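# Architecture and fold: a report
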Amino acid sequence: MWRYNNNALPVIIRTDRGNAMTLNLDNQLDSNSTIHWHGFKIPAAMDGGPDTPVAANGTKAYTFTMDQPAAPLWFHPHPDMETGKQVYMGLAGVYLLEDNITKTLEANNALPSGDKDTVLLVQDRRFDGNATDAVRNLKYMDMDMDMDGMLGDTILVNGSVVPKQNVSNTLHRYRLYNVSNARNYKFALSDGSAFKVIGTDGGLLDEPTDVTSVTLGAAERVEIVIDFSNYAVGSKVMLVSQPFNGDMMGMMGGMNGMNGMGNMGNMNGNMGNMNNGMSAGSMAGMAANGAGLSIMRFDINATETETVTLYTALPANAEIKTRHTSIDVTNATERQFLMTMGGMGNMQDANMSQMSFVINGKTFDPTRVDEFIDAGATEIWNIRNMSPMAHPFHAHAIQYQILSRNGVAATGIDLGWKDTFLVQPGETVKVIGKFEAINTGDYMYHCHILEHEDAGMMGYFRVGATGVLGAQ
Ligand code: C2O
Ligand code: CU
Ligand code: CU
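Attention in this report is confined to the structure presented alongside it. No experiment lies behind these values; they were computed from the predicted model shown.

### A closer look at the overall build of the protein
- For the protein, the helix and strand inventory stands at 6 helices and 32 strands.
- When the 472 residues of the protein are sorted by exposure, 57% land in the buried category.
- Considering only contacts in the protein between residues 6 or more positions apart, those separated by 24 or more positions represent 79%.
- Here the protein has roughly 18200 Å² of accessible surface; of this, 48% comes from carbon and sulfur atoms.

Now the structure itself:
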C-alpha cells in the first residue's frame, strides 16, 4: 500500500468547527500528488486540485479554518490523471468535523458516541496471486473493462476483508464511507431489518430516517444508527451490499425504452456480445457493479442497558437544519450539466478503451475554466445523465441540497446536504447550493468514478473574478 505517515487504514483526523489546521504534505511518491479536502468549504489555493500539484519530493502546507457544520468529510490525492491510482493504492483519509450541535447531542445521550461511533471505510480491490500467498500485490487497471471504472473482487472495510465487530445489544452509530474508485453499494442488513440514516455527506439530517437499504455511489457517505437490541445476545448479523442492476451491461438491457438515446441504437449488438462473457455477473478479478456482497459482520455478544435515546429533530439553532428557501430558488442562476459517454459509435468489437466520458460534450482541459460563478452566488445546477451507467457527480467547496430528481421533489435522505450524489441513467438531478463569498478561485466539478475523472469527465468552475488557470 501507499500510506499517509505509514498508518494503517483508516487515517482519521478529528477536529471541531472553528479550529484552524495546518497539515504538511511531504510527497515521497515519484509523481505529482495533492491532498484534496473533499466536502470542505475552503479557499481554492488550499483545495488541493490538479491545478496545485505537489511535485515528487516536494512539500506543501495546507492551512485552513473549518467553518461549516459537523460532517463526515474526507481527503484524498487529486493529481491530474492519477487520482484513481493514488487513491486505489491506499491514499485516502477520514476527516470527522464536530461542532456544538453534535457534541451537545452526544453529551445529552441523543447520539451514540465513543466506542459506539465507528468509521467504516469501504473499498473494493483486486490482488494478484492466491489467497494462500504471503504477499499479494494490488492490481490496478489491468483489464480492458477497468477503463469504465476500476472494480475489485475483494471488499475491504478499514483495510480488512469482511471484518467482524463485537457489539452490545444497544444503538451503534457508523460513519459509512464509500471510498471505492467506481463501485456503488446498496448497504443493508442481511436480515432485512430497518436502520436509521442520521446524516449525509454534509452533516446530520434534521430527522433520522428509517430505511432498509441505502445506496452510496463512490465518494458518498452516510451516518447510520443500527439498533442491536432487536437481536438475541449470541446472534450475528451481516452488513451486506444487496444485488442491484448496476453494471453497465445490465443497464444496457434497460435502456431500450429510454427516450433520447437514439444514437446508442447501434450499440446493442456489440454489447450483446460482451454479455456472453459476463452473464454470471462477475469475471475473474472483478465483481460486477451491482453484485451482492458481504461487507462485515456484527456479533451481538453482550447485554448492556441502553443510555441513548436518539434525537428525533435537531435543535432549532442547528445551522445544518436550514434549507434554501423558495426565494433562493427563484433568484438562483441555473446551469445545465449533461453527462454522456462519447465514442460509442466507434465501439467496434466492443472495445471499451475507445470510450470517452464527457460533461457538456467537453473533456477536461487543465487550462480552461468551464463555468464562471459570482462569489457568494446561490445557484441551481441541473445534472442530466444521458449515458448508460450511473455517475456520482461532485463539486468542490460546496454542499448542495437536492431539490428534485426527474422533477419529483426530494424526500427522506435526499433532504440531507450533499457534496456528491448519484445520477442514474436517464435521470436529471436538480440541486441548489451557495458558493461562499470567502472561497474564491478555481475549483473542480467531476464524476467521482475516479477512472472517469482521470479520463476527463471533469471541469473547472471559477468563483469570483480571479483564479490561477491561464496564468500558468
Ligand atoms: Cu473527492 Cu474532486 O474530489
Ligand atoms: Cu472534492
Ligand atoms: Cu462517471
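Back to the write-up after that little detour.
### Some details on the pattern of salt bridges
- Inspection of every chain in the model, using the stated rule, returns 34 salt bridges.
- Residues Asp370 and Lys362 are paired through a salt bridge, measuring 3.0 Å at the closest nitrogen-oxygen approach.
- Look at Asp370 and you get buried, because its relative accessible area is 11%.
- On the basis of relative accessible area, Lys362 is assigned to the partly exposed category, the value being 28%.
- For Glu427, the salt bridge identified is with Arg405, shortest N-O distance 3.2 Å. On the criterion of sequence distance, the pair formed by Glu427 in the loop between β29 (420–423) and β30 (428–434) and Arg405 in strand β26 (residues 400–405) is long-range, its members being 22 residues apart.

### A look at the coordination of the copper ion (ligand 2)
- Every protein donor of the copper ion (ligand 2) is accounted for by His36 (NE2) and His394 (NE2), and the metal-donor separations fall at 1.9 Å. Of this pair, His36 sits in strand β3 (residues 36–38) while His394 sits in strand β25 (residues 391–395), and the two are 358 residues apart along the sequence. Here His36 matches His394 in class, with each residue buried.

### Let's talk about the coordination of the copper ion (ligand 3)
- Within the protein, His391 (ND1), Cys447 (SG) and His452 (ND1) serve as the donor atoms for the copper ion (ligand 3), at 2.0 to 2.1 Å.
- The class for His391 is buried, based on a relative accessible area of 0%.
- Classification of Cys447 by relative accessible area gives buried; the value is 0%.

### Things to note about the packing of aromatic side chains
- Following the criterion strictly, the structure yields 27 aromatic pairs and no others.
- Seen from their ring centres, Phe393 and Tyr445 are 6.2 Å apart, and the 25 degrees between their planes marks the pair as stacked. Of this pair, Phe393 sits in strand β25 while Tyr445 sits in strand β31 (residues 441–447); the two residues are 52 residues apart in sequence, bridging distant segments of the chain.
- Classification of Phe393 as buried rests on a relative accessible area of 0%.
- Relative accessible area serves as the criterion here: at 2%, Tyr445 is assigned to the buried category.

### Here's the deal with the pairing of strand β24 (residues 378–385)
- The buried fraction of β24 amounts to 7 of the 8 residues, a majority that puts the element mostly inside the structure.
- For strand β21 (residues 333–342) and β24, the ladder comprises 7 bridges, and the chain directions are parallel. Paired with Phe337 across the bridge in β24 is Ile383.
- Bridge count for β24 against β30 is 7 bridges, and the pairing is antiparallel. Note that in β30 the partner of Ile383 across the bridge is Val429.

### Digging into empty space enclosed by the protein
- Within this structure, the stated rule accounts for 2 cavities of 30 Å³ or more.
- For the second largest cavity, the calculated volume is near 40 Å³.
- Contributing to the lining of the second largest cavity are Ala70, Ala71, Leu97, Glu98, Thr102, Arg173, Arg175, Gly203, Leu204 and Glu223.
- Of the residues belonging to the lining of the second largest cavity, the class tally is 4 nonpolar, 2 polar and 4 charged.

### Concerning the environment of Ile295
- Its place among the elements puts Ile295 in strand β20 (residues 293–302).
- Taking C-alpha positions, Ile295 is 9.7 Å from Tyr185, a pair spaced 110 residues apart along the chain.

### Section: the side chain of Arg173
- Its place among the elements puts Arg173 in strand β11 (residues 171–178).
- By relative accessible area, which is 0% here, Arg173 ends up buried.
- The contacts of Arg173, once residues within four sequence positions are left out, are Glu106, Leu111, Pro112, Lys116, Asp117, Thr118, Ile198, Glu223, Ile224 and Val225.

Thresholds, definitions, all that
Note on numbering: residues in each chain are counted from 1, in written sequence order. For naming, the first written chain is A and the first written ligand is 1, with later ones following in the order written. Per-residue local features of the predicted model are confined to residues with pLDDT of at least 70, and side-chain atom pairs are confined, for both listing and counting, to 80 or more; whole-chain, interface and lining totals are unaffected and use all residues. Hydrogens and waters are ignored; side-chain quantities use all the structure's heavy atoms. Each helix is a run of DSSP H or I of at least 4 residues and each strand a run of E of at least 2, with the numbering of both proceeding from the N terminus. A 1.4 Å probe rolled over the protein chains alone gives each residue an accessible area, and that area as a share of the maximum for its type sets the label: buried under 20%, exposed over 50%, partly exposed in between. We call two residues contacting when some pair of their heavy atoms lies within 4.5 Å. All accessible areas in this document rest on Shrake-Rupley with a 1.4 Å probe, and a residue is counted as covered only by the protein chains that are shown. In the sections that follow, a salt bridge refers to a side-chain nitrogen of Lys or Arg positioned within 4 Å of a carboxyl oxygen of Asp or Glu. Metal sites are built from N, O and S donor atoms within 2.8 Å, or 3.2 Å for Na, K and Ca, and they leave out water, so they may look incomplete. Stacked, edge-to-face and tilted labels apply to pairs of Phe, Tyr and Trp rings (six-membered ring for Trp) whose centres lie within 6.5 Å, assigned for plane angles under 30 degrees, over 60, and everything in between, in that order. Any two strands between which DSSP finds at least two bridges are classified as paired. Using protein atoms alone on a 1 Å grid, points that fit a 1.4 Å probe yet trap it form a cavity, whereas open point sets bounded by protein on both sides within 12 Å along at least five of seven lines form a pocket; residues with an atom within 4 Å of a point count as lining. Grid points are joined across faces, edges and corners, and a volume is the space filled by probe spheres set on the points. Ten residues, namely Ala, Val, Leu, Ile, Met, Phe, Trp, Tyr, Cys and Pro, are considered nonpolar, four, namely Asp, Glu, Lys and Arg, are considered charged, and the remaining ones, Gly among them, are considered polar.

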